[in-house]
Amino acid sequence: MGQKKDLTGSEKSKIVRYLAEGCSSLKIAKLLKRDHRTIKRFIQNSQQGRKKRVEKPRRKITAHELRKVKRAAAKMPLATSLAIFQSCNITGVPKSTRCAILRDMAKVRKAERRPPLNKTHKLKRQDWAKKYLKTDFSKVLWTDEMRVSLDGPDGWARGWIGKGQRAPVPLRRQQGGGGVLVWAGIIKDELVGPFRVEDGVKLNSQSYCQFLEDTFFKQWYRKKSASFKKNMIFMQDNAPSHASKYSTAWLARKGIKEEKLMTWPPCSPDLNPIENLWSIIKCEIYKEGKQYTSLNSVWEAVVAAARNVDGEQIKTLTGSMDGRLLSVLAKKGGYIGR
């Protein structure tokens, strides 16, 4: 026995019209030549209609609970809305309501990569700013290392894609496919380097000093005048290979000691203008999601990008130091966001 066909839209309209005329379900079945049970089932379903949705009463949030949520959000950065409300012992609140409440007092943010500053860090940053507030920063050589990988930083390959086009799929290799360690310095409107650290060399105190001897001192510093050397201040951060007793004593034998070697506060990459130079270079070498197939090719890209940085850009970076120091003091040692 074949499967019976469902009622068509036309048949359903006729049933409604016949019912309005006072016809019984049996008579309608005979008129439409359909099974009586089919007609009765349609009439019963039509009379029942849709079940109304029963809305559950929403949990009301008191002013006291709102204050607790605000305090919890401040104490639990990057926590989920559920975790924040559970810490306040507030239950029965749907996610949409939790998010709407938090949106008025907080923002969804990603974790920052900068190290956290404690009270000691902030005090040392303020002391550093006060110490060098009257310094002629055109005589300071700002130095640092940067590592560049073949694949580039995650999340940078982003841009507009034409309609109908597919986004390119980037290569993903373990540890970015390897990388090159680069050292450079900036002073006034001049770029020193960049110099490439030999592949496979781990910079400890001995290898760092040997690297400076082979690159910075032999290729740049020795060409400078005696008056320049006398007034130049050498800046480096507090990496273990930089701040060790061995490195400090070695630099002292080179004449870079006491006031000629700048002290550096902890956790302060935002105070070093060469960090902005690294950003300029990385934006250039990784633009449009650029990736590299060899360490030599990425090094050549770094050299080419560094050559395109003119003296005015460098002067802008080194000339920003007075403003950075004032910002540190104004923020009581906090990050200045540069």
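Look up a bit, the structure's there.
Report on the accompanying structure. What you see is a predicted model; the values in this text were computed from it and never measured.

Thresholds, definitions, all that
- Residues numbered from 1 in each chain as written.
- Predicted model: local features only at pLDDT ≥ 70, side-chain atom pairs only at ≥ 80, totals over all residues.
- Heavy atoms only, no water.
- Helix = DSSP H or I, 4+ residues; strand = E, 2+ residues; numbered from the N terminus.
- Salt bridge = Lys/Arg side-chain N within 4 Å of Asp/Glu carboxyl O.
- Buried < 20%, exposed > 50% of the residue type's maximum accessible area, 1.4 Å probe, protein only.
- Polar contact = N/O pair within 3.5 Å; in protein donor to acceptor, adjacent residues only side chain to side chain.
- Axes fitted to C-alpha atoms, helices over the stretch in contact; angles between N-to-C directions.
- Parallel < 35°, antiparallel > 145°, perpendicular 65-115°, else oblique.
- Left-handed = near helix turned anticlockwise from the far one by under 90°.
- Contact = heavy atoms within 4.5 Å.
- Nonpolar A, V, L, I, M, F, W, Y, C, P; charged D, E, K, R; others polar.
- Expected span 1.5 Å × (residues − 1).
- Phe/Tyr/Trp six-rings, centres within 6.5 Å; stacked < 30°, edge-to-face > 60°.
- Lys NZ or Arg CZ within 6 Å of the ring centre and 35° of its normal.

Further remarks concern unusual backbone geometry. The step from Gly 193 to Pro 194 runs through a cis peptide bond, and the omega angle for that step is 5°. Looking at where Pro 194 falls in the secondary structure, it is placed in strand 3 (residues 190–196). Its identity is not glycine, yet Lys 188 carries a phi of approximately 55°, on the positive side. Among the secondary structure elements, Lys 188 is positioned in the loop between strand 2 (179–187) and strand 3. For Cys 267, which is not a glycine, the phi torsion comes out positive at approximately 55°. Topologically, Cys 267 is positioned in the loop between helix 11 (245–253) and helix 12 (274–285).

Overall, the coordinates contain eight salt bridges when judged by the stated rule. Close ionic contact of Arg 34 with Glu 11 constitutes a salt bridge, the shortest N to O distance being 2.9 Å. One end of the pair, Arg 34, is in the loop between helix 2 (25–32) and helix 3 (36–48); the other, Glu 11, is in helix 1 (residues 9–20), with 23 residues separating them in the sequence. Between Lys 139 and Asp 136 there is a salt bridge, with the nearest N and O atoms lying 3.7 Å from each other. Taking the relative accessible area as the measure of exposure, Lys 139 reaches 36% and is therefore partly exposed. Here Asp 136 falls in the partly exposed class, since its relative accessible area comes to 38%.

To continue, consider the side chain of Asp 270. Tracing the backbone through its elements, the reader meets Asp 270 in the loop between helix 11 and helix 12. Of the polar contacts made by the side chain of Asp 270, one reaches the backbone nitrogen of Ile 336; its length is 3.1 Å.

Moving on, we come to the packing of helix 8 (residues 205–219) against helix 11. The contact between helix 8 and helix 11 brings their axes to 8 Å, and the two run at 30°. Taken together, the axes of helix 8 and helix 11 lie roughly parallel to each other. Read as a crossing pair, helix 8 and helix 11 show a hand that is right-handed. Residues Ser 205, Gln 206, Tyr 208, Cys 209, Leu 212, Glu 213 and Phe 217 of helix 8 lie in contact with helix 11, whose contacting residues are Tyr 246, Ser 247, Trp 250 and Leu 251. For the contact of helix 8 with helix 11, the class distribution of residues is seven nonpolar, three polar and one charged.

Before going further, it helps to examine helix 8. When the terminal C-alpha atoms of helix 8 are compared, their 20 Å separation across 15 residues agrees well with the 21 Å that a helix rising 1.5 Å per residue should span. Taken residue by residue, helix 8 has Ser 205, Ser 207, Tyr 208, Cys 209, Phe 211, Leu 212, Glu 213, Thr 215, Phe 216 and Phe 217 as its buried positions. Where the residues of helix 8 are buried, they touch strand 1 (140–149), strand 2, strand 3, strand 4 (233–235), helix 10 (240–243) and helix 11. The residue sitting at the N-terminus of helix 8 and contributing the capping side-chain oxygen is Asn 204; that oxygen lies 3.2 Å from the backbone nitrogen of Gln 206.

So, on to the packing of helix 1 against helix 2. With their axes 10 Å apart at the nearest point, helix 1 and helix 2 run at an angle of 140° to one another. Between helix 1 and helix 2, the angle falls in the class oblique. As helix 1 packs across helix 2, the resulting crossing turns out to be right-handed. Where helix 1 abuts helix 2, its residues Glu 11, Lys 14, Ile 15, Tyr 18 and Leu 19 lie against Ile 28, Leu 31 and Leu 32. The residue makeup of the contact of helix 1 with helix 2, split by class, is six nonpolar, no polar and two charged.

Here we take up the packing of aromatic side chains. Under the criterion given, the structure shown has 15 aromatic pairs. Plain terms: the ring middles of Trp 128 and Tyr 132 are 5.7 Å apart, the flat faces sit at 50° to each other, and that makes the pair tilted. For the pair shown, Trp 128 and Tyr 132 are each scored as buried. A centroid spacing of 5.1 Å and a plane angle of 75° characterise the contact between Trp 128 and Trp 264, whose relative ring orientation is edge-to-face. Linking Trp 128 in helix 7 (residues 119–131) with Trp 264 in the loop between helix 11 and helix 12, this pair joins segments that are 136 residues apart in sequence. Take Trp 264: its relative accessible area is 10%, and that puts it in the buried class. Put simply, the rings of Trp 183, Phe 195, Phe 211, Phe 216, Phe 217, Trp 220, Tyr 221, Phe 228, Phe 234 and Trp 250 touch in pairs and so form one group of aromatic residues. A cation over an aromatic ring shows up here: Arg 17 above the ring of Tyr 18, its NZ or CZ 5.4 Å from the ring centre.

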